[in-house]
There are 2 protein chains.
Amino acid sequence: MEQINEIADKLKLLGDKTRLTILALLTDREWCVCEFVDLFDMSQPAVSQHLRKLKSQGLVSESRRGQWVYYSLNIDDKPYIRAVLNEIPSSQEVLSSMNKEINCDCD
Amino acid sequence: MEQINEIADKLKLLGDKTRLTILALLTDREWCVCEFVDLFDMSQPAVSQHLRKLKSQGLVSESRRGQWVYYSLNIDDKPYIRAVLNEIPSSQEVLSSMNKEINCDCD
DNA sequence: ATTATATATAAGCATTCAATTATATATTTA
DNA sequence: TAAATATATAATTGAATGCTTATATATAAT
């Protein structure tokens, strides 16, 4: 039962469209916070809080490089997450359906 | 984006330990409501409402036989759900870890 | 040093959610 | 028909969630 609880807790994070989109995008490459801020119609703190939740449950890792913080997927030990991400629209599809410009200067 | 939203809405249902357990159990066979009521430490209406949510999102089907109502999995058109259920503990594991007696008279 | 940029945290608020109790409905049995 | 059993729905409540604005922190540039 403990195992089901833990899995449910992690899956809860995928049950939000913003976080699911973030994870979909991270399947392709690491992303900088400012890119997400450009992408979503949402304040910078809102984005930051979603990333914090993903990080606190260990689904993403962060690494700071200069003034920018980059997030990447960290789900090698969570096959049930990988299984979902394999079945949802690709990073490219998600991105093109959003039709947004990303203007921050990271990299 | 519409597709991601829909997937997120359905995954939200898996982010609750009771509903995830219900789905795990239904991978094996159909279950009667009264069995779930016996299994979970929760009122009958609470169980009923979880089942209603799963049904309203099309993840389970119900069929009444006499006074009993049986639920079964309905996820053939949702590969991202199937993918999760394939990666979580089996029905048997879940059940034995719960260590509960099921005493209702359905079949 | 000061200012600008990127990110995180805190506090507050409206909404959603998961439970409860009470009640209604459907079916079976006596 | 009346009582018992199984299930669903309604109303309520407290906790959790996702956002906002305001503020703090970290790094870079002038």
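Look above for the structure.
Every value quoted in this text rests on a predicted model; they were computed, and no experiment measured them.

K.L.:
Summarise the sheet that holds strand β2 (residues 60-65) of chain A; cite the residues concerned and give the values.
P.N.:
All names here are of chain A. The antiparallel open sheet is built from 3 strands, whose spatial order is β1-β3-β2. At either end of the open sheet lies a strand with only one pairing partner, and these are β1 (31-32) and β2. Where β1 meets strand β3 (residues 68-73), 2 bridges bridge the pair, whose relative direction is antiparallel. Bridge pairing in β3 places tryptophan 31 opposite tyrosine 71. Across the sheet, helix α2 (residues 17-26) lies against β1, β2 and β3, angled at about 85° from β3, the strand it touches most.

K.L.:
Outline the protein's contact with DNA strand C, listing residues and values.
P.N.:
Lining the immediate surroundings of DNA strand C are 29 residues, of which A:Cys34, A:Pro45, B:Ser43, B:Pro45 and B:Gly66 lie closest. Taken together, the elements giving at least two residues each to the surface near DNA strand C come down to α3 (33-39), α4 (44-56) and β3 of chain A together with α4 (44-56) of chain B. Ranked by residue count, the leading element in the surface near DNA strand C is α4(A), at 6 residues. Within the surface near DNA strand C, the residues separate by chemical class into 13 nonpolar, 10 polar and 6 charged.

K.L.:
Hey, could you go over the sheet that holds strand β3 (residues 68-73) of chain B for me, with residue numbers and the actual values?
P.N.:
Residue and element names in this part refer to chain B. One open sheet accounts for 3 strands, arranged β1-β3-β2; its pairing is antiparallel. The sheet is open, and its two edges are formed by β1 (31-32) and β2 (60-65), each paired on a single side. Its contacts with the sheet put helix α2 (residues 17-26) on β1, β2 and β3, and the angle it makes with β3 is roughly 85°.

K.L.:
Break down the relation of the copies chain A and chain B for me, citing the residues and quoting the values.
P.N.:
You can overlay chain A on chain B at an RMSD of 0.0 Å; the transform is a turn of 180° with a shift of 0.0 Å along its axis. Considering both components of the superposition, the chain copies are consistent with a two-fold axis.

K.L.:
With reference to specific residues and values, describe the environment of A:Val60.
P.N.:
Residues and elements named next belong to chain A. Residue position: valine 60 is located in strand β2. Considered as a pair, valine 60 and serine 72 are 12 residues apart in the sequence and their alpha carbons are 5.4 Å apart. Those residues within four positions of valine 60 in sequence are excluded, and the remaining contacts are Leu26, Leu51, Leu54, Lys55, Tyr71, Ser72, Leu73 and Asn74.

K.L.:
So what's going on with the environment of B:Arg19? Residues and values would help.
P.N.:
All names here are of chain B. Here arginine 19 is to be found in helix α2. With 35 residues separating them in the primary sequence, arginine 19 and leucine 54 have C-alpha atoms 7.7 Å apart. The residues touching arginine 19, leaving out its near neighbours within four places in the chain, are Leu13, Leu14, His50 and Leu54.

K.L.:
Before we move on, can you summarise the packing of α2(A) against helix α6 (residues 91-98) of chain A with the specific residues and values?
P.N.:
All names here are of chain A. In contact at an axis separation of 8 Å, α2 and α6 are set at 125° when each is read in the N-to-C sense. By the angle between their axes, α2 is oblique relative to α6. Once α2 is placed against α6, the crossing between them reads as left-handed. Of α6, the residues touching α2 (which contributes Thr21, Ala24 and Leu25) are Ser91, Val94 and Leu95. Residues of the contact of α2 with α6, tallied by class, amount to 4 nonpolar, 2 polar and no charged.

Calculation rules
- Residues numbered from 1 in each chain as written.
- Chains lettered and ligands numbered in written order.
- Predicted model: local features only at pLDDT ≥ 70, side-chain atom pairs only at ≥ 80, totals over all residues.
- Pairing = 2+ DSSP bridges.
- Helix = DSSP H or I, 4+ residues; strand = E, 2+ residues; numbered from the N terminus.
- Contact = placed C-beta atoms within 7 Å.
- Axes fitted to C-alpha atoms, helices over the stretch in contact; angles between N-to-C directions.
- Near = placed C-beta within 6 Å.
- Nonpolar A, V, L, I, M, F, W, Y, C, P; charged D, E, K, R; others polar.
- Least-squares fit on C-alpha atoms with pLDDT ≥ 70 in both.
- Parallel < 35°, antiparallel > 145°, perpendicular 65-115°, else oblique.
- Left-handed = near helix turned anticlockwise from the far one by under 90°.

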